[in-house]
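These are the residues of each chain, in order.
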Amino acid sequence: GRVPARGATPPPPPPPCPPRYWDRQAATFDDQSDHGLLDPLAKETWRRLLLAHLPAAPAAVADIGCGTGSLTVLLAAQGYAVTGLDFSPAMIRAARAKARKAEIRCRFVLSDAAAPTLPARGFDVVLARHLLWAMPVPDEALAAWLQLLLPGGVLVLVEGHWSAGGGLTAAEAGRIVLRHRGDATIITLDDPALWGRPITDERYLLVSRR
């Protein structure tokens, strides 16, 4: 994810942030509950949320902007064939170390999310968390992500409009998706267990199936 903890750290600079910015964040990125999923309750809550909207394993999942790989490893542990992608070398190193420690098999690719070097029509699911808002041209990035989906594939976005600054409202994200897809279902994510604390800003899951 790419959202700062409210009151903990200042928001990141306006997008686009270069890879070296995220390289510097990698060592402490997992300190935030929703990033590292170190708290069992947070991990289980994210697991249940995602599994409720994904096709059954072993579906192929592209985790775009995977950061330190928390969701990549989480879904791979459930039997999904997951490829995590990020443009920060330090984030990718941390993600690979996390998978090794958990003894979970998944693949990680160093690539810009705006133009992912992954096979077209190679995935049942494209997942991106806290990323669409940070793309220089969100419509172009989304179009590139959708090229990765097999026919009937599912787009899953976790986004928000942060109290710390930045983000996309659900209405804005919905409009972007509906320029490319036939549906966009919004699910509000206000459960404190997802974030490790109560939240007052707008956070949501966007699921598009066609």
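Note that the coordinates shown come from a computational prediction; the quantities given were computed from them, not determined experimentally.

Engineer: Go over the environment of Pro19 with me, naming the residues and quoting the values.
Structural biologist: Mapped onto the secondary structure, Pro19 falls in helix H1 (residues 19-25). The partly exposed category is assigned to Pro19, whose relative accessible area is 30%. On a C-alpha basis, the gap between Pro19 and Arg107 in space is 20 Å, while along the polypeptide they are 88 residues apart. When near neighbours in sequence (up to four residues on either side) are disregarded, Pro19 contacts Phe87, Ser88 and Pro89.

Engineer: Outline the confidence of the model for the protein chain, listing residues and values.
Structural biologist: Summarising the model, the protein chain shows a mean pLDDT of 91, and 92% of its residues fall at 70 or more. Confidence drops under a pLDDT of 50 for residues 1-14, and excluding neighbours within four residues, the segment shows 40 contacts in the predicted structure.

Engineer: Can you lay out the nonpolar core for me, pointing to particular residues and giving the numbers?
Structural biologist: Of all hydrophobic cores here, the largest spans 31 residues; its most connected members are Ile64, Leu118, Val126, Leu142, Trp145 and Leu157. For this core, the secondary-structure elements that each account for two or more residues are strand E1 (60-64), strand E4 (123-129), helix H6 (138-146), strand E5 (149-161), helix H7 (170-178) and strand E7 (202-208). Judged by nonpolar contacts, the second largest core, of 24 residues, contains Leu50, Leu54, Val61 and Leu194.

Engineer: Tell me what's going on with helix H5 (residues 89-102), and back it up with residues and numbers.
Structural biologist: When the terminal C-alpha atoms of H5 are compared, their 20 Å separation across 14 residues agrees well with the 20 Å that a helix rising 1.5 Å per residue should span. The set of residues buried in H5 consists of Ala90, Met91, Ile92, Ala95, Lys98 and Ala99.

Engineer: Run through the sheet that holds E7, naming residues and quoting values.
Structural biologist: Strands pair in a sheet through their backbones, by hydrogen bonds, and they do so in one of two ways: parallel or antiparallel. Sheet architecture is open: seven strands sit in the order E3-E2-E1-E4-E5-E7-E6, paired in mixed fashion. Each end of this open sheet is capped by a strand with a single partner; those strands are strand E3 (107-110) and strand E6 (185-188). Geometrically, the sheet is characterised by an average inter-axis angle of 20 degrees between neighbouring strands, direction not taken into account. Pairing geometry for E6 and E7, over four bridges, is antiparallel. Residue Ile187 lies in a different strand from E7, and its bridge partner there is Leu205. Seen against the sheet, H6 touches E1, E4 and E5 and runs at an angle of roughly 145 degrees to E5. Running at roughly 20 degrees to E7, H7 makes contact with E5, E6 and E7 of the sheet.

Engineer: So what's going on with the layout of surface pockets? Residues and values would help.
Structural biologist: Approximately 370 Å³ is the volume attributed to the largest pocket. Along the wall of the largest pocket there are 18 residues; nearest its centre are Gly36, Lys43, Val73, Lys98 and Ala102. Contributing elements (two or more residues each) for the lining of the largest pocket: helix H3 (40-51), helix H4 (70-76) and H5. When residues of the lining of the largest pocket are assigned to their parent elements, the largest contribution, five residues, is made by H5. Looking at the lining of the largest pocket residue by residue, the class counts come to 10 nonpolar, three polar and five charged.

Engineer: Describe the pattern of salt bridges, and please don't skip the residues or the numbers.
Structural biologist: Following the criterion strictly, the structure yields five salt bridges and no others. When the shortest N-O distance is used, the salt bridge between Arg179 and Asp139 registers 2.7 Å. Here the residue Arg179 occupies a position in the loop between H7 and E6, and Asp139 occupies one in helix H6, the gap between them amounting to 40 residues. When its relative accessible area of 52% is taken as the criterion, Arg179 is described as exposed. A salt bridge links Asp201 to Arg203; the shortest N-O distance between them is 2.7 Å. Of the two residues, Asp201 and Arg203, neither departs from the other in class, the shared state being buried. One salt-bridge network, in which partners are shared between bridges, spans Glu44, Arg47 and Arg48.

Engineer: Give a detailed account of the pairing of E4, specifying residues and quantitative values.
Structural biologist: Two faces, one strand: in a regular strand the side chains alternate between the faces of the sheet. Most of E4 is tucked away: six of the seven residues are buried. In the sheet, E4 pairs with E5 via six bridges, with the strands oriented parallel. Along E5, the bridge assignment pairs Arg129 with Val158. Chirality of the crossover, the property in question, places the unit of E4, H6 and E5 among those that are right-handed.

Conventions used here
Residues numbered from 1 in each chain as written. Predicted model: local features only at pLDDT ≥ 70, side-chain atom pairs only at ≥ 80, totals over all residues. Heavy atoms only, no water. Helix = DSSP H or I, 4+ residues; strand = E, 2+ residues; numbered from the N terminus. Buried < 20%, exposed > 50% of the residue type's maximum accessible area, 1.4 Å probe, protein only. Contact = heavy atoms within 4.5 Å. pLDDT = per-residue confidence, 0-100. Core = buried A, V, L, I, M, F, W, Y, C linked by side-chain atoms within 4.5 Å. Expected span 1.5 Å × (residues − 1). Pairing = 2+ DSSP bridges. Axes fitted to C-alpha atoms, helices over the stretch in contact; angles between N-to-C directions. 1 Å grid on protein atoms, 1.4 Å probe; cavity = no way out; pocket = protein on both sides within 12 Å on 5 of 7 lines; lining within 4 Å. Points joined across faces, edges and corners; volume = space filled by probe spheres on them. Nonpolar A, V, L, I, M, F, W, Y, C, P; charged D, E, K, R; others polar. Salt bridge = Lys/Arg side-chain N within 4 Å of Asp/Glu carboxyl O. Right-handed = clockwise from strand over helix to strand, strands pointing away.

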